[in-house]
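Here is how the chains run, residue by residue.
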Amino acid sequence: MSIEEYRLKNKRIRDPMSILIDGKKTAQDIKNEIAARVAEIKQAGGKQPHLAAILVGEDGASQTYVGAKVKACEEVGFTSTLVRLAAEVSEEELLQTVEDINQNLDIDGLIVQLPLPAHISVDKVTNRIRPEKDVDGFTPANVGRLTLNWPAYVSATPYGIVELLKRYQIETSGKHCVVIGRSHIVGSPMSILMARNGYPGNATVTLTHSKTKDLATICRMADVLIVAIGKPEFVTADMVKPGAVVIDVGIHRIVDETKKTGFRLIGDVKYDEVAPIASAITPVPGGVGPMTIAALLYNTLQSAEKKVFG
Ligand code: NAP
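Summary of the structure given here.

Cut-offs applied
Residues numbered from 1 in each chain as written. Predicted model: local features only at pLDDT ≥ 70, side-chain atom pairs only at ≥ 80, totals over all residues. Heavy atoms only, no water. Pairing = 2+ DSSP bridges. Helix = DSSP H or I, 4+ residues; strand = E, 2+ residues; numbered from the N terminus. Buried < 20%, exposed > 50% of the residue type's maximum accessible area, 1.4 Å probe, protein only. Right-handed = clockwise from strand over helix to strand, strands pointing away. 1 Å grid on protein atoms, 1.4 Å probe; cavity = no way out; pocket = protein on both sides within 12 Å on 5 of 7 lines; lining within 4 Å. Points joined across faces, edges and corners; volume = space filled by probe spheres on them. Near = heavy atom within 4 Å. Polar contact = N/O pair within 3.5 Å; in protein donor to acceptor, adjacent residues only side chain to side chain. Areas by Shrake-Rupley, 256 points an atom, 1.4 Å probe, with all protein chains shown as cover. Salt bridge = Lys/Arg side-chain N within 4 Å of Asp/Glu carboxyl O. Axes fitted to C-alpha atoms, helices over the stretch in contact; angles between N-to-C directions. Contact = heavy atoms within 4.5 Å. Domains from an automatic or database assignment. Expected span 1.5 Å × (residues − 1). Arc of directions from axis to C-beta.

So, the sheet that holds strand β5 (residues 176-180)
Within a sheet, each strand pairs with its neighbour through backbone hydrogen bonds, oriented either parallel or antiparallel.
Now for step 1: Strand order in the open sheet made by the six strands is β1-β11-β8-β7-β5-β6, with parallel pairing throughout. Because the sheet does not close on itself, it has two edges, and the strands there are β1 (19-20) and β6 (204-208).

Structure follows, in structure tokens:
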């Protein structure tokens, strides 16, 4: 069915465009709020929140991500420590580095940038991080707490999405939410958050993955469609119910000679054809991406203020 046919059939479609969920602006608002809180803490003689990051190897994308996190720390007045280790570092040495940071009383939050080299077990390293400092929300303790709806550090990307839904006052109670992708860092926690008893939440959730049959039909039943499949422009207009809220988690670099950088970013959703039929949508770039760092900073502030584990 063409977009025009969708439009004619469904009166709920906003014309001419859906609401743009502006992650860039929302992330900046959150950073401003965090910076204001840090200023208050300092004024009262308290310690600046401190985030440590461990970066193993020279992977270009990882260096960019860690660099952005360190820069964001500066922006909001946090202290940051970046520990760089060679790609050949032994698992034991990495575990010891994690342990040293666990013991360091000045450090509130620790992240280990993924991916790690193949000779290192991500599970072992993650499990070594003290849950109280696990501001990425990847440890079994935090995932378990999230599942039980206890206070927990929630993985930054899903947490950023929850914050967008909240700040844009998107109704989720009683809605059908379809999540595409079941990764530990995005899809899985997202499905738990949308199903839990709270706001945002109370949705009826369908979690889909590569073995799901007839994905397009399931997607068309979604009032809220959250896409974390990792495939460029996978979701097309014919997979979206008119009036649905669409959250695009994907980030892909594609060659574009017209840009100074030689590339541009696109998401997992074919934005140009989906935006006109959605009631609200996140763009790429400027949607979920900036929220991920803001959420990480927020988790670190929570840790500094002992708000999650007490
Ligand atoms: P991932 O670990 O690769 O997981 C992809 C998921 O999609 C898997 O669960 C996989 O199913 C499922 N899948 C693959 N093909 C499918 C198909 N044909 N139909 C249905 N499901 C299918 O990816 P991720 O780490 O969650 O990331 C997803 C995307 O988000 C990537 O583009 C990534 O770059 C981006 N991302 C962005 C941010 C941000 O800050 N904006 C943060 C994290 C990730 P199986 O489990 O069955 O294999």
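Having seen it, we continue.
A short note on the pairing of strand β2 (residues 50-56)
Now for step 1: Burial within β2 is extensive, with seven of its seven residues counted as buried.
Now for step 2: Bridge count for β2 against strand β3 (residues 79-85) is seven bridges, and the pairing is parallel. Counted as the bridge partner of Ala52 is Thr81 from β3.
Now for step 3: Handedness of the crossover is the feature at issue here: the chain leaves β2, passes through helix α3 (residues 60-76), returns alongside β3, and the resulting connection is right-handed.
Now for step 4: Across four bridges, β2 lies against strand β4 (residues 109-112) in parallel orientation. Looking at the pairing, Ile54 lines up with Val112 of β4.

Digging into empty space enclosed by the protein
In this approach a probe as big as a water molecule rolls over the atoms, and the regions it shows empty are the leftover space.
Now for step 1: Scanning all chains against the criterion turns up two cavities of 30 Å³ or more.
Now for step 2: Taken as a whole, the largest cavity encloses approximately 80 Å³ of empty space.
Now for step 3: Contributing elements (two or more residues each) for the lining of the largest cavity: β4 and α5 (122-128).
Now for step 4: Of the residues forming the lining of the largest cavity, the biggest block, three residues, is contributed by α5.
Now for step 5: Size it by volume and the second largest cavity reaches roughly 30 Å³.
Now for step 6: Of all elements in the fold, only β2, α3 and β3 reach the threshold of two or more residues within the lining of the second largest cavity.

Considerations on the site of the ligand
Now for step 1: Taken together, 22 residues lie around the ligand, and Arg182, Ser183, His209, Ser210 and Thr292 are the ones closest in.
Now for step 2: At a separation of 2.7 Å, an oxygen atom of the ligand approaches a polar side-chain atom of Thr292.
Now for step 3: Contact with the protein chains removes 70% of the 920 Å² of surface that the ligand exposes when unbound.
Now for step 4: Top element by residues in the shell around the ligand is helix α11 (residues 288-304). It accounts for three residues.

Comments concerning the pattern of salt bridges
Now for step 1: Scanning all chains against the criterion turns up 15 salt bridges.
Now for step 2: Where Glu305 meets Arg37, a salt bridge forms, and the shortest distance between an N and an O atom there is 2.5 Å. Here the residue Glu305 occupies a position in the segment after α11, and Arg37 occupies one in helix α2 (residues 23-43), the gap between them amounting to 268 residues.
Now for step 3: Its relative accessible area of 21% is what places Glu305 among the partly exposed residues.
Now for step 4: One salt bridge in this structure joins Glu163 and Arg167, with 3.0 Å as the shortest N-O distance.

Things to note about the sheet that holds β3
Now for step 1: Spatially, the three strands line up as an open sheet ordered β3-β2-β4, and their pairing is parallel. The sheet is open, and its two edges are formed by β3 and β4, each paired on a single side. Shown here is a sheet whose adjacent strand axes are inclined to one another by a mean of 15°, direction ignored.
Now for step 2: Relative to β2, helix α4 (residues 91-103) is tilted by about 175°, and along the sheet it contacts β2, β3 and β4.

What about the layout of surface pockets?
Now for step 1: Roughly 1600 Å³ of volume is contained in the largest pocket.
Now for step 2: Residue assignment for the lining of the largest pocket shows that the elements contributing at least two residues are α2, α3, β4, α7 (156-167), β9 (252-255), β10 (263-266) and α11.
Now for step 3: When residues of the lining of the largest pocket are assigned to their parent elements, the largest contribution, eight residues, is made by α3.
Now for step 4: For the lining of the largest pocket, the domains that each give at least three residues are domain 1 (45-130) and domain 2 (155-289).
Now for step 5: Estimates place the volume of the second largest pocket at around 320 Å³.

Section: α3
Now for step 1: In this model, α3 (17 residues) spans 25 Å end to end at C-alpha, consistent with the 24 Å of a helix rising 1.5 Å per residue.
Now for step 2: The complete set of buried residues in α3 reads Ser62, Val66, Lys69, Ala72, Cys73 and Val76. Down the axis of α3, the buried side of the element spans an arc of 115°, and every buried residue falls inside it. In α3, the exposed positions that point more than 90 degrees away from the buried face belong to Thr64, Lys71 and Glu74.
Now for step 3: In the core, the buried residues of α3 are packed alongside α2, β2, β3, β4 and α11.
Now for step 4: Following α3 by one or two positions, Gly77 has its phi on the positive side, about 90°.

Considerations on α2
Now for step 1: Between its terminal C-alpha atoms α2 stretches 30 Å, which fits the 30 Å expected from 21 residues at 1.5 Å a residue.
Now for step 2: Those residues of α2 lying buried are Gly23, Thr26, Ala27, Ile30, Lys31, Ile34, Val38 and Ile41. Buried positions in α2, seen along its axis, are confined to an arc of 135° and lie on one side of it.
Now for step 3: Contacts from the buried residues of α2 go to α3, α7 and α11.
Now for step 4: Two or three places before Lys24, at the opening of α2, Asp22 has a side-chain oxygen 3.1 Å from that residue's backbone nitrogen.
Now for step 5: At the C-terminal side of α2, Gly45 shows a positive phi close to 85°.

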